[in-house]
Each structure stands twice: as structure tokens, then as C-alpha cells.
Amino acid sequence: MTRMNIQSNNDMAFQLNIYTDRPFYTKFMIRFILFSFLISCFSIAKSQKLRLESPNKVLSAEVNVGSGNNTIHLSSASRALTDIKILNFDWIENVVQGNWQVIKSDRKTVRQTWKPLFGERKNIKDDYNQLELKLQSSGNHKKMRLYVRLYNEGIALKYGFDKSDFSGSTIKSESTAFQFDSDATTWGAGAAQSAYTKTTLSQLKGEFERPLVVNPASQLFIAIGEAALVDFSRMKFTYKADPKSYIVQSALSGPVALDQASYESPWRYVMVGKTAGELVENNYFVLNLNKPNEITDNSWIKPGKVLREVTLTTVGGIAAVDFAARNQIDYIEFDAGWYGPEESKASDASRVDVDPARSKGPLDLQSIIDYARKKNIGILLYVNKKALETQLDQILPIYQKWGIKGLKFGFVNVGSQEATAWLHEAIRKAAKYKLMVDVHDEYRPTGYSRTFPNLITQEGIRGDEESPSTEQSLITMFTRAIAGAGDYTNCYHAIRVNTKMGGKAAQMAKAVMLYSPWQFIYWYDRPADAPHKAGGAGGEHETLIDESENAVAFYRSLPVIWDETKVLKSAIGECGIIARRSGHRWYIAMLGAKVKHDIKIDLSFLETPNRFKAQLWSQDEQGLAKNTVDRTEFTLKNNAFNLTLEPDAGAVLILDKIK
């Protein structure tokens, strides 16, 4: 008697038992069954469907690979969410022939918590179920991998390419696409610092930024984006017309040489929430898709508040340091022009040589650095890309020797694979010399600050130097903020605050709501004892900081890192309420656009609200007219806090637990 067992992997399981005592018949049947089995395996691999669930079983994904129709169907317990079209690449060479087929699958479950060095929350949960598919092309047997992770917060996927099969290969374009059933509301921006427009999917024009927030139905918000972009070409989005659905498709900002990209793509993700605020609360999701911290000694990496020094003079520098020491500001940043005209290739960033178009000087930078060190104030330097690209390896050890704490990279190139790889390599090089980094202009984060936390913050945001309306700020904080920290260049005294941006209390609210671990404050303002009208960036907007004004105390005690974050209201472009905790103190910031807003806050999350002492910073109609901020103190009596915000105004409620 002969018995035969055939067992495949977990996702393609078969077991055949054959019992017979006829040798010839046995050989014939074994061959026949093996042939039939192989045909069955080929058929299954040709159009295989694999299912994945989120840890809480609310989200599910059906991964379908085969016959050229490769999709991931994402759904929740109550509805279909999106179909993701995957594995669509256009190659410069004829690399792949035939359709992708699954030849092996593996599953993994991860349940862990990690502590960020700084951020919007003290602890981050990283729970997911992962499916890894090994794929092979039917025509020429090229191999690659598809990774799919399902979290409670959403889904993420990325591609891996077999080095032996794809060495020397270049991706011309990638057409990962996200398909929706309705012409949903969305908020699009053509560039990282462009204004947002509320529109619908079908009305999106050209290329637009990620993350893209889509509102397909009541109590459903979806964000699609990119994480762990390190040495690939940046992904943006385009709208693809289709008679049956509404499709948002990836658009790479140039070709990708896989040798340089370590044979892996960044993650492409879909986040899901009942509100836009839930997406922002869960923005740690983007960090989870990045590698853990690779810097061993993190003692020199310190967030803080920053004052910009624009006079580029010794007197101005000393005045800035003294002001910072009096007002608990951690850093002074010397802006463009300290080493010459920033756009000139002749300017040498290894020495001080003030641009005469910005300041007459003199600037003894080393004496200011030494003076600041004695007062525990760090000095940061702005360096334009022209000097960075030609002098980076030269200037980093020089700045470390001078005693500089960090750099602001100015006007860096973004988008192409070459620009992306160069920038992240520059961040890694800065870490070797214990220098922190703030990347300005079009760079938008994808979570690299988890891996190299010396990347403290970045712009890629339409900040206050652009004079955004309150409506724009309320779009930014529930779209762009999903990506991570944004250097928002918070103003306070500048005239534009009152005429264009909702008033001083609104600026105070934004300093809480728009997170950045280097929080630039008083962006267009100078200490009263600094040189006046002495040139420098923004000199024509110059205002002086009035240290007698009560708001100085607000900025003095303002934290820049948080233990806990809650979004209490998120009407995109209309009204927002964000609560953040630092130690035993809560900051609850409110902002409203265009019309009066009746704010009603349920404080039951405090557990014992009557054990909190409150101070409210706000402007009523009279305060807005007089350009003054009111500060009132009281003790909470119950779980409810009510306030009427004037049109385009803000307020901050600070709560201290009574011991």
C-alpha cells in the first residue's frame, strides 16, 4: 500500500492521501495527480486572493494578484473604502514580461510600543498584521516582493525588488492608484507651500501634494500619502478620469534607479478615520512606517523655541541672546546673509562675511556664540543650498568647532531621486557632527525624523510668512499636519497679524495647534534693544517686541513637545480645537474662520475638571479692535467650557491641576 502527502504553504494548502496496492496504477495515478496539482497551483497563483485584518478587526483588506488585475480592496466593517491598484510600473528597459504571480506568502503580527525622542505624544503604539508576498513574473521569472501592513489606523504597502533580477534597472513611472466610488470632497495643493483649495476629486488639476485628505461620506475621512521616502523619487498625485469611478494616481517626480534606491520603494498608505482630527491624532502612523532611531547618543538633540536674528550685527546678536535668556527661548537663528549673498556661488559659508545688501554689520559671530553658551542659548545658522551642495563636507566640522547647534537648510532641491537621496544623506552627515537640521521650503516630511531625529523640523507648509487666512490655517492643520512637524514661522506683533491673520490670540492658538519641535516665534519681531531698520530678512516688516505685554508670559512658558494630544473638533477650513498635555498642564487651543463660532468643549477627559485652575487667553470684538489680548483666571466648576469666538479669531485655555 502506498500513501502520498502533498502540503503547500499556509495560504495555498492542499493535502492528498492516496491508498492503493497496485504498483502500475499507483505510478500512473501519482503522475496524474501531481500534474493536476501543479495545474491547480498555477491556477490559484494566477488569480490568488489573500485576506488581512487589522488588529481590532475593523479594517480588512483583500489582496488580489494575478492576470494583470492586481488590487487591494480595503473595507471597514460597514462599507467599502477604496480599491488600490498595485504593481503597475513603466520601465525604461523591457525588464518584466508577463503577469505577476504569487509563489510564496508569509504573515507576521507585531504588537509593540516605542518612545519617541520628542513629539506630540509620549508613547506610540505600533500594532499591525503584515502579509509579505513573493512574486514572480510569468514571462521571464523576475522576482519581487509586496509588503502589505494593516493597522487599526489604516493600510500601507511597499515594493521590494530582487537585486539579482533588477540590478541596473530604472523605473520610469509608477501608477499605484486609489479608486473611489464617489466624487468626494477633497482639499488639494499643487505644491508643498501652496494654498489649499476645497474641491472634489474630479476637479483636481495637474499634480497635487500628499497627504491628500478625501471625505467620501459622513463620518469618513481618508488620507492617502507616502512614508519613508529616503532615496526614491518623490510621489505626488494626479487625477485619472474614469467612466465608472474616481481615481487618484501616483506621479513620481522623475525616474528611479533601483541600485540607488536599495531595491525598495517607500510606503504608500491609506489612513482612515471618522473625522479629520482622528487622522491628525493618529499621525504617528507615518512614523511607524519608518525605521527606528539609528543615532546612538541622542543627548545633543534638543527641541526648543527659536528667535530669528535678522540684523546680522554683533549688537543685534547680543540683544537677541539677552532677550532669549530672559524669556526662556532656547535658540537664536542667524538668517540668510551672514556669509554673503545666499544665491551667489562665490559666497563662502565657512567664514563670516555679511551680505551688504542685508546688513552693514559688523558681525562677530564667534563672540556671540561664546556669549550665548554662557547663557545656555544655542546658535543656529541658515545655509542656502548653493553652499550646502558645494561645501557640506567642509562646513560641518567647522560649525561643530565653532559651537553651532544646528542648521536651517535653505531652498533645497526636492522631488527627483537625486535630490531626495542627497538631502537625506546631508541629514545623516550632520548627525555625525552633532548638528540638528531644519529643512526649509518645499520639503515635506514622510517620517525620517524617527530614524534620524536630528531632523528636528521642516517647512513644506504655508506658514505665517505667507500671511495665510484663518481658513487656510484650518485646512493646513487637518491636512498637512498628518505628515508631521511643520515650521510655521509664528508671528505675533507684525501688522499682518491683525489685518490678515485673525489677531494675536489666533497666533497664540496656532503656536499650540501647529506642531513643531523647533517653534519659531516672533518671526518678524526684534527685541527692543536690537538695531532698528538695519536691513536683514523681513526688515521692511519690522516690529519691536513689547516685553510689557502679557502675551510674553504665554510664549515664555509654551512647551514645544507634548505627552498627549487630542483633537476635539476638526471642521476643515472652518473651526478647530486641539488639546495638548505637557506634564500636568493642558493647553486647549481654539481657532475659527469667517464667522462667529460658539465653542462648547466637553472636559470629561480630565476626569476631575473641578480640580483644575484655568487661564483663558482670548480677544473679544473690543480686544480685536484695540489689538490687545485678555487674560482671565478662574476655577473650573464642571465638565463644560463655553466660549464665543469672534470671526477669524482664536483663544487658548490653559489648565493646571490643583495639587
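Data block above holds the structure.
Structure report, in brief. This structure is a prediction, so every number in the text was calculated from the model and none was measured.

1. Focus: the environment of T113
You can see T113 is positioned in strand β6 (residues 100-114). Assessed through its relative accessible area of 55%, T113 is described here as exposed. T113 sits twelve residues away from K125 along the chain, and the two C-alpha atoms are 4.5 Å apart. Not counting the four nearest positions on each side in its chain, T113 is found in contact with N123, I124 and K125.

2. Side note on the environment of K385
Structurally, K385 is set in helix α7 (residues 385-402). Given the relative accessible area of 19%, K385 is considered buried. Within polar-contact distance, the side chain of K385 engages the side chain of N413 at 3.1 Å.

3. Overview of the pairing of strand β12 (residues 185-188)
Two strands pair when backbone bridges link them, and β12 and strand β13 (residues 197-200) are joined in this way by four bridges, in the antiparallel orientation. Residue G188 lies in a different strand from β13, and its bridge partner there is T197. Alignment of β12 against strand β14 (residues 212-217), held across three bridges, turns out to be antiparallel. Each bridged residue has a counterpart across the sheet, and for W187 the counterpart in β14 is V213.

4. Some details on the sheet that holds strand β18 (residues 256-257)
The three strands lie next to each other as β5-β10-β18, forming an open sheet whose pairing is antiparallel. At either margin of the open sheet sits one strand with a lone partner, and together these are β5 (89-91) and β18. Direction of pairing for β5 relative to strand β10 (residues 170-174): antiparallel, over a ladder of three bridges. Within β10, the position partnered with D90 by the bridge is S173.

5. As for the pattern of salt bridges
Applying the stated criterion to the full structure yields 29 salt bridges. R210 serves as the salt-bridge partner of E209, at 3.2 Å between the closest nitrogen and oxygen. Comparing E209 with R210, the two get one shared label, buried. Three or more residues joined by partner-sharing salt bridges are found here, namely E174, E209, R210, E226 and R268.

6. A word on the sheet that holds strand β3 (residues 71-76)
Spatially, the seven strands line up as an open sheet ordered β1-β2-β3-β4-β11-β17-β16, and their pairing is antiparallel. Each having just a single partner strand, β1 (48-53) and β16 (235-240) make up the two edges of the open sheet. Between one strand axis and the next, the sheet turns by 20° as a mean value, whatever way the strands run. Here six bridges tie β16 to strand β17 (residues 246-252), and the two strands are oriented antiparallel to one another. The residue of β17 that forms the bridge with K240 is I247.

7. Quick word on the packing of helix α5 (residues 314-326) against helix α6 (residues 365-374)
Here α5 crosses α6 at 15°, and the two axes come no closer than 10 Å. Viewed along their axes, α5 and α6 adopt a mutual orientation that is roughly parallel. As for how α5 packs across α6, the hand of that crossing is right-handed. Mapping the contact onto sequence places T314, G317, I318, V321 and D322 in α5 and S367, I368, Y371 and A372 in α6. Per-class residue counts for the contact of α5 with α6 are five nonpolar, three polar and one charged.

Cut-offs used in this document
- Residues numbered from 1 in each chain as written.
- Predicted model: local features only at pLDDT ≥ 70, side-chain atom pairs only at ≥ 80, totals over all residues.
- Heavy atoms only, no water.
- Helix = DSSP H or I, 4+ residues; strand = E, 2+ residues; numbered from the N terminus.
- Buried < 20%, exposed > 50% of the residue type's maximum accessible area, 1.4 Å probe, protein only.
- Contact = heavy atoms within 4.5 Å.
- Polar contact = N/O pair within 3.5 Å; in protein donor to acceptor, adjacent residues only side chain to side chain.
- Pairing = 2+ DSSP bridges.
- Salt bridge = Lys/Arg side-chain N within 4 Å of Asp/Glu carboxyl O.
- Axes fitted to C-alpha atoms, helices over the stretch in contact; angles between N-to-C directions.
- Parallel < 35°, antiparallel > 145°, perpendicular 65-115°, else oblique.
- Left-handed = near helix turned anticlockwise from the far one by under 90°.
- Nonpolar A, V, L, I, M, F, W, Y, C, P; charged D, E, K, R; others polar.

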